[in-house]
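Structural characterization, general
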Amino acid sequence: MTAIDAVMNAGIREGVFPGAVLLVSREDQLLVHRAYGKENLFTNEPITVDTCFDLASLTKPLATALAVATLVAAGTLTLEQPLGALVECRGHEDKQMITVDQLLRHTAGFPAHRPFYQALVKLPRVHRREKLRRLIMAEPLIAPPGERQVYSDLGYMVLAWIVESTVGMRLDHYVDQVIFAPLILDLFFRPMGDGKPRHTLRRFAATEQCPWRARMLTGEVHDDNAWAVGGVEGHAGLFGTARGVGKLLTHLLDALHGGAGGNLPGGVLRRFVKKEPGRERVAGFDTPSPMGSSTGNGFTVNALGHLGFTGTSFWMEPDASVVVVLLTNRVHPSRDNMAIRRFRPLLHDLVSHLFIMRK
């Protein structure tokens, strides 16, 4: 048993998650791609490397931020454009001068989260996204734009609104047409209300026994607000495999290094990942926290990544061209299981020891 197998199997044995897929690559070389544990504790179906996961907040960097990047590269948007010039902001003067860049960097002043779904589920689904946007606009800011960095789902819901208003199509259709399909990526949304959902023959890792939906969630978005509006939002709703995430990140690193990058806009992305003084997050991505980072201690300050509430994560080490994708169903059967917080640093310390420090 390898050291990686030992750590991953310990995570299952200790109840950190029922199942997981781990992928590690360097440039185009796949170093690790292994599946562990179960998709569903009640059916005992095993996880495979082809199991699809609810990627949760990985939607922010892998769909919404990249959609914005393509529009900036095309000259259709600029990072400095104010919100008032892009979507309907009348009557909400406090939000009119929020910029696209501030939304991407979580400095717009929006709160982290609000349970909008509680009001939205009382409406017909066809009216919910419009209502969601009115609720966001009515939500008081918790800080003036640009003053401080507060990680916010609301800001990425607004970014999805901007993308859709700009291109005239829904976010999932745009990113599939411009990014996922051309790069042949196993990444997709599962919208409700569009007839028979795509990918019906795929296997999905179960997430939570949802108390208010009164069922085990499998293949439908876990995030309450994203589910309420039909499964497609700027902060959550993306599904995919570890292979799909890893392949996109490899293209992204290539673009950042000045390569072709699968036609991802490297120049714009280099602007995205430039840190502002005193800030941990860059546009679309996280960077390692000075203390208690999920990367452990082996990644540099240049690392880029993101976490997802369902138990998903990725980290890239640009200096070594290493990608680490960890997809788990840690919320199965309950979101109250937070043991992954102590697990992630241990795993990433091992990965950095094996594949980064010894590069």
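Please refer to the structure higher up on the page.
Okay, so let's go over this structure. (Residues numbered from 1 in each chain as written. Predicted model: local features only at pLDDT ≥ 70, side-chain atom pairs only at ≥ 80, totals over all residues. Heavy atoms only, no water.)

As a further point, take unusual backbone geometry. At the junction of H332 and P333, the peptide bond is cis and its omega measures out at 5 degrees in the coordinates. The residue P333 is located in the loop between strand 10 (322-328) and helix 11 (340-356) in this model. A positive phi angle, close to 55 degrees, is found at A214, a residue other than glycine. Backbone geometry at S321 places phi at a positive 55 degrees, although glycine is not the residue there. Examined against the element boundaries, S321 turns out to sit in the loop between strand 9 (312-317) and strand 10. (Helix = DSSP H or I, 4+ residues; strand = E, 2+ residues; numbered from the N terminus.)

Turning our eyes to something else, we now look at the nonpolar core. By size, the foremost hydrophobic cluster in this structure holds 86 residues, and its most contacted members are L104, F110, I162, L248 and F272. With residues near it in sequence (within four places) discarded, I162 still touches L77, L83, L86, V87, V100 and L103. Counting residues in each nonpolar core, the second largest holds 24 residues, with V16, L22, W315 and L326 among its members. (Core = buried A, V, L, I, M, F, W, Y, C linked by side-chain atoms within 4.5 Å. Buried < 20%, exposed > 50% of the residue type's maximum accessible area, 1.4 Å probe, protein only. Contact = heavy atoms within 4.5 Å.)

A separate point is helix 2 (residues 59-73). The end-to-end C-alpha separation of helix 2 is 20 Å, in line with the 21 Å expected for 15 residues at 1.5 Å each. Along its length, helix 2 reaches its greatest deviation from straightness, about 30 degrees, at A65. In terms of residue burial, helix 2 counts as a mostly covered element, since 14 of its 15 residues are buried. Once helix 2 finishes, G75 follows within two positions and takes phi at roughly 80 degrees, a positive value. (Expected span 1.5 Å × (residues − 1). Bend = angle between axes of the 7 residues up to and from the residue.)

With that settled, the discussion passes to the packing of aromatic side chains. Here the structure, examined in full by the defined rule, presents seven aromatic pairs. Residues W212 and W227 carry aromatic rings whose centres are separated by 5.3 Å and whose planes lie at 85 degrees to one another, so their mutual orientation is edge-to-face. Taken as a pair, W212 in the loop between strand 5 (209-210) and strand 6 (215-216) and W227 in helix 8 (residues 224-228) lie far apart in primary sequence, 15 residues in all. The buried category is assigned to W227, whose relative accessible area is 11%. On the basis of an interplanar angle of 80 degrees and a centroid distance of 6.3 Å, the ring pair of F285 and F314 is categorised as edge-to-face. (Phe/Tyr/Trp six-rings, centres within 6.5 Å; stacked < 30°, edge-to-face > 60°.)

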